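In case you want the letters, here they are:
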Amino acid sequence: MNFMASKPPVPAPVAPKTRPLDDDGGSVVLERRTQKTKPPQMYQVVMLNDDYTPMEFVVVVIQEFFNKDRETATQIMLKIHLDGKGICGVYSRDVAATKVEQVQEAARQAGHPLQCVSEPVE
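Not measured: the values here are computed from a predicted model.

Procedures and definitions
- Residues numbered from 1 in each chain as written.
- Predicted model: local features only at pLDDT ≥ 70, side-chain atom pairs only at ≥ 80, totals over all residues.
- Heavy atoms only, no water.
- Helix = DSSP H or I, 4+ residues; strand = E, 2+ residues; numbered from the N terminus.
- Buried < 20%, exposed > 50% of the residue type's maximum accessible area, 1.4 Å probe, protein only.
- Contact = heavy atoms within 4.5 Å.
- Core = buried A, V, L, I, M, F, W, Y, C linked by side-chain atoms within 4.5 Å.
- Expected span 1.5 Å × (residues − 1).
- Arc of directions from axis to C-beta.

A look at the overall build of the protein
- Along the protein, the regular secondary structure elements total three helices and three strands.
- Of the regular secondary structure in the protein, the N- to C-terminal order runs β-α-α-β-α-β.
- Across the 122 residues in the protein, those meeting the buried criterion constitute 25%.
- Taking all contacts inside the protein whose residues are at least 6 apart in sequence as the whole, residues at least 24 apart take part in 69%.

Some remarks on the nonpolar core
- Formed by 23 residues in total, the largest nonpolar core has its most connected members in Val45, Met47, Val58, Ile62, Phe66, Val103 and Leu114.
- Those elements that place two or more of their residues in this core are β1 (42–48), α1 (55–66), α2 (70–83), β2 (85–92) and α3 (93–110).
- The element best represented in this core is α1, accounting for seven residues.
- Among all residues touching valine 45, those that are not within four sequence positions of it are Phe66, Gly86, Ile87, Cys88, Gly89, Tyr91, Ala96, Lys99, Val100, Cys116, Val117 and Ser118.

What about α2?
- In a regular helix each residue adds 1.5 Å, so 14 residues correspond to 20 Å; α2 covers 20 Å between its end C-alpha atoms and thus fits that length.
- By the burial criterion, the buried members of α2 are Ala73, Ile76, Met77 and Ile80. All buried residues of α2 lie within an arc of 100 degrees about the axis, which places them on one face of the element. Away from its buried face, by an angle of more than 90 degrees, α2 presents the exposed residues Glu71, Leu82 and Asp83.

In structure tokens:
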């Protein structure tokens, strides 16, 4: 069997070419404005003082999890000891939460009650 179209295909109509209209001076052109995105909310990791965790352990934890040199870690530890709390670093929310978990897990494994929290930076 041979099937054939009853009519040959019709080509698509072509739109006539038009010239753009002359500007009458009353047109309004909007300028494209780039959208500015806000930086993400940052969180500070704060270590809290207690009367049982050894100072040396706090220094080691600050060095290990916050990549501080020994002198800076010692200064942060003294601030924690004297003021009751000290900022160990400022990070995005997820990174700060991970740092808090790492510190608390290390303290738990070592048998120390060291506490660490993250707070939004104001």
